[in-house]
Amino acid sequence: MPKYKIIFNDEEQDETFDTEEEAEEYALYLCSCTRLGAETLHMSNPGDYDYDEDEYEDPEYEIVEKDD
């Protein structure tokens, strides 16, 4: 039975998922975490961390199938 992994920002994540949908959900969670982190850094020090909500691009990710 195949398992699924996420490659996020060119790094393979440690977690494995039973379905592609579970992996997709987790990848979207990681994207939301990076957006929140960018907002938080900008609020704490806007001079060093530029952030524009309209121009922010979510990180790229890929879901890959791994055999047991």
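Scroll up for the structure.
The model shown is predicted, which means the values in this text are computed figures rather than measured ones.

1. Examining the nonpolar core
- One finds Tyr4, Ile6, Phe8, Phe17, Ala23, Ala27, Leu30, Cys31 and Ile63 forming the largest nonpolar core, which totals 9 residues.
- Listed by contribution, the elements that provide at least two residues to this core are strand E1 (3-8) and helix H1 (20-44).
- The dominant element in this core, judged by the number of residues it contributes, is H1, at 4 residues.
- Excluding anything up to four places from it in sequence, Ile6 contacts Glu11, Glu12, Gln13, Phe17, Ala23, Tyr26, Ala27, Tyr61, Glu62 and Ile63.

2. Some thoughts on the pattern of salt bridges
- Evaluation of the coordinates by the stated rule reveals 4 salt bridges.
- In this structure, Lys5 engages Glu12 in a salt bridge whose closest nitrogen and oxygen atoms are separated by 3.8 Å.
- Exposure remark for Lys5: the relative accessible area of 12% places this residue in the buried category.
- Each of Lys5, Glu12 and Lys66 takes part in one network of salt bridges that share partners.

3. A look at the side chain of Lys5
- Take Lys5: it is sitting in strand E1.
- One polar contact links the side chain of Lys5 to the main-chain carbonyl oxygen of Asp14, over a distance of 3.1 Å.
- Residue contacts for Lys5: discarding those within four places in its chain leaves Glu12, Gln13, Asp14, Glu15, Thr16, Glu62, Ile63, Val64 and Lys66.

4. Quick look at the sheet that holds E1
- Across the sheet, which stays open at both edges, the 3 strands sit in the order E2-E1-E3 with antiparallel pairing between neighbours. In this open sheet, the two strands that pair with only one neighbour each are strand E2 (11-12) and strand E3 (61-66).
- In this sheet, E2 lies alongside E1 in antiparallel orientation, the contact comprising 2 bridges. Its bridge partner lying in E2, Ile7 is registered against Glu12.
- Along the sheet, H1 contacts E1 and E3; its crossing angle with E1, the most-contacted strand, is approximately 20°.

Cut-offs and rules
Residues numbered from 1 in each chain as written. Predicted model: local features only at pLDDT ≥ 70, side-chain atom pairs only at ≥ 80, totals over all residues. Heavy atoms only, no water. Core = buried A, V, L, I, M, F, W, Y, C linked by side-chain atoms within 4.5 Å. Buried < 20%, exposed > 50% of the residue type's maximum accessible area, 1.4 Å probe, protein only. Helix = DSSP H or I, 4+ residues; strand = E, 2+ residues; numbered from the N terminus. Contact = heavy atoms within 4.5 Å. Salt bridge = Lys/Arg side-chain N within 4 Å of Asp/Glu carboxyl O. Polar contact = N/O pair within 3.5 Å; in protein donor to acceptor, adjacent residues only side chain to side chain. Pairing = 2+ DSSP bridges. Axes fitted to C-alpha atoms, helices over the stretch in contact; angles between N-to-C directions.

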